[in-house]
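Single-letter residue listing:
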Amino acid sequence: MMPDGFGPSPFGGGFNFMFTLVPIIIAIGFVVVIGGIIFNGARYAKNARSPKESVYARVVAKRMDVRTSTHHHGHGAGDHMHATRSSRTHYFITLEFENGDRREYLDVKGLYGLVVEGDQGYAAVQGDWIVAFERSATND
């Protein structure tokens, strides 16, 4: 029986439950964050090591992926918590090749605003990245 008269703890052990659960949650969070950093670093290294290829293609689609996150922070004891929202936008360009295959590339060089759907020309691709696009003079 709890000393405040509200009955037994639903967690079976009062505060002992929290001292067991919180370190587990922190450890899981740590593993997820470190795993994400390693995964993204490995993906970046793979793309950076890939050879640049020039391929003739047509731009068939463009899309944006906006990710928003909120960060909470305070400045010390007795201060109020403040929330900061931030967002990151990734731009993607889908190319269709002469054989009919299509593939989406991450725009890492700011080409998104320079190309329109239907543009044809030579695309420089490196792994999962599109790094250049030179429009052909005979765009249909």
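Only a predicted model underlies this, so the values are computations on that prediction, with no experimental measurement involved.

Participant: So what exactly am I meant to see when it comes to the overall build of the protein chain here?
Facilitator: The helix and strand inventory of the protein chain stands at 1 helix and 5 strands. Residue burial in the protein chain is summarised as follows: out of 140 residues, 22% are buried. Taking contacts inside the protein chain between residues at least 6 apart in sequence as the whole, the part at least 24 apart equals 46%. Of the roughly 10,400 Å² that the protein chain leaves accessible, carbon and sulfur atoms contribute 60%.

Participant: What should I look at first to understand the environment of V66 in this one?
Facilitator: Within the fold, V66 resides in strand β1 (residues 52–73). Residue classification places V66 among the partly exposed residues on the basis of a relative accessible area of 47%. Along the chain, V66 and Y91 lie 25 residues apart, while their C-alpha atoms are 8.8 Å from each other. Excluding residues within four positions of it along the chain, V66 makes contact with S87, R88 and T89.

Calculation criteria
Residues numbered from 1 in each chain as written. Predicted model: local features only at pLDDT ≥ 70, side-chain atom pairs only at ≥ 80, totals over all residues. Heavy atoms only, no water. Helix = DSSP H or I, 4+ residues; strand = E, 2+ residues; numbered from the N terminus. Buried < 20%, exposed > 50% of the residue type's maximum accessible area, 1.4 Å probe, protein only. Contact = heavy atoms within 4.5 Å. Areas by Shrake-Rupley, 256 points an atom, 1.4 Å probe, with all protein chains shown as cover.

Keep in mind these numbers describe shape, not what the thing actually does.
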